[in-house]
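# Examining the three-dimensional arrangement
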Amino acid sequence: MATCVNHHFFTNMKPNKPTQTPYTGSKLHPVNSTSIRCVQTGEKERVTVVKNGNDLLEICRVLNGMWQTSGGWGKIDRDDAVEAMLRYADSGLSTFDLADHYGPAEDLYGIFINKVRRERPPEMLEKIKGLTKWVPPPVKMTSRYVRESINVSRKRMDVPALDMLQFHWWDYSNTGYLDALKHLTDLKEEGKIKTVALTNFDTERLHIILENGIPIVSNQVQHSIVDMRPQQKMAELCQLTGVKLITYGTVMGGLLSEKFLDTNLSIPFAGPPLNTPSLQKYKRMVDAWGGWGLFQTLLQTLKTVANKHGVSIPTVAVKYVLDQQSVAGSMVGVKLGLAEHINDCNAVFSLTLDDDDVNSIQEVTKKGEDLLRAIGDCGDEYRRA
């Protein structure tokens, strides 16, 4: 497949002079059209490239999300988890999303990547990608502090260079995030990081970061059939700049599945328990969007589409988001050694949603609340009280 990517974000950027111009959607000028081109990515539908200038990374469009290793989803056995990672990679699901604060996730990746080096051919090793995150406290971002923090992840993951470092910052009023990102860019130039990205930044701050010359390739945000906020303000900026979106919450922690079809959560013990942090989080999103009744209508519609194509509801949910503007990849959480969704994930790549499918889904979703108006822009979930 081809994906359109950007060579240079803004021709008049001055990276040495931080700016804080808010993004309004009307003052941003698009990059020169000659700076956008399409990159052919090899295996059709499975992989894509996120790119900024000479920085590029090929990723699988369905990512294995490792938040579940941080606790709250069941006890993870190290050896079972690593073997499960190998099964995902062997099946072609070769991109793993992790973080410095996801419990043992980076350590598991280090064990896993060494098994790949020893037990798999070199061409498979080249396809494996580990996308980690750095979520520092809001302290002074010196070059030394940033370097030492990134070296911890490099050591835990046992890699000379991080494939992607996705940066998060808690407090927008503290502009130290620009200092941190400039130091991360320096580490990229030194070969310690291959690509610099963001996680959970809103449109306004993404615009500020790009204006300061930081070579961002992607922003990870919450995005699902229920939560379409990224297709509003964020998508406009992404189209202008070439920044791609990596999405999480795409199956809403499992709510978008057959397991919750035809259930009534208002009756105690009548339905599946909301017994994980992700299920509890996304149930609150359902409540803000339209409630459990409307959500059941959506699940019934998705089940009809899924039956038509011989796939599952989660497969339809992921494909729908992957087809949205500027989305490079969508994450599906993996409970390593406890449950697997390899077949459902791989089915995404052969699924094509036709106009009837899309129209039937949108007939339901248009009845929901405008979440952008109700709760604000995407990328700001974890900064709210």
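The model shown is predicted, which means the values in this text are computed figures rather than measured ones. Numbering of residues begins from 1 in every chain and follows the order in which that chain's sequence is written. Per-residue local features are limited, in this predicted model, to residues with pLDDT of at least 70; the limit for side-chain atom pairs, both in listing and counting, is 80 or more; totals at the level of whole chains, interfaces and linings are taken over all residues. With hydrogens and water stripped out, all remaining heavy atoms of the structure feed into the side-chain values.

## Describing helix 8 (residues 277-289)
- Helix length check: helix 8 (13 residues) gives 19 Å between terminal C-alpha atoms against 18 Å at 1.5 Å per residue, within 8%.
- Pairs of residues are marked as contacts when any of their non-hydrogen atoms sit within 4.5 Å. Only DSSP runs of H or I with at least four residues qualify as helices, and only runs of E with at least two residues qualify as strands; both kinds are numbered from the N terminus onward. Buried residues belonging to helix 8 abut strand 10 (216-222), strand 11 (244-248), helix 9 (291-309), helix 12 (355-365) and helix 13 (371-375). One less than the number of residues in a helix, times 1.5 Å, gives the span that helix is expected to have.

## Digging into the sheet that holds strand 11
- Criterion used throughout: strands pair if DSSP finds at least two bridges between them. Read once around its circumference, the closed barrel built from eight strands follows the order 5-6-7-8-9-10-11-12, with strand pairing classed as parallel. Between one strand and the next, the sheet's axes are offset by a mean angle of 30 degrees, whatever the strand orientation. The axes are straight lines fitted to the C-alpha atoms, using for helices just the contacting stretch, and the angles between their N-to-C directions are given from 0 to 180°.

## Overview of the pairing of strand 5 (residues 62-65)
- Judged by which residues are buried, strand 5 turns out to be covered on both faces: Val62 and Asn64 on one side and Leu63 and Gly65 on the other are all buried.
- In the sheet, strand 5 pairs with strand 6 (residues 95-97) via two bridges, with the strands oriented parallel. By the bridge assignment, Asn64 is partnered in strand 6 with Phe96. Exposure is judged per residue with a 1.4 Å probe applied to protein chains only, and the accessible area is read against the type maximum: over 50% gives exposed, under 20% gives buried, and values in between give partly exposed.

## Things to note about the pattern of salt bridges
- Should a side-chain nitrogen of Lys or Arg be within 4 Å of a carboxyl oxygen of Asp or Glu, the pair is scored as a salt bridge. This structure, assessed with the given rule, holds 26 salt bridges.
- Taking the shortest distance from any N to any O, the salt bridge between Arg117 and Asp158 comes out at 3.8 Å. In this pair, Arg117 is assigned in helix 2 (residues 105-119) and Asp158 in the loop between helix 4 (143-157) and strand 8 (164-167), connecting sequence segments 41 residues apart.
- Among the residues examined, Arg117 registers a relative accessible area of 34% and is labelled partly exposed.
- Residues Lys188 and Glu189 are paired through a salt bridge, measuring 2.5 Å at the closest nitrogen-oxygen approach.
- A relative accessible area of 9% places Lys188 in the buried class.
- When salt bridges that share partners are traced, they join Glu83, Asp90, Lys115, Glu119 and Arg120 into one network.

## Examining the pairing of strand 12 (residues 327-333)
- Of all seven residues in strand 12, six are buried, a share of seventy percent or more.
- For strand 5 and strand 12, the ladder comprises four bridges, and the chain directions are parallel. Pairing of Asn64 across the sheet is with Val332, part of strand 12.
- In terms of strand pairing, strand 11 meets strand 12 through three bridges, oriented parallel. In the strand pairing of strand 12, Leu245 is matched with Val327.

These values are about where atoms sit, not about what they do.
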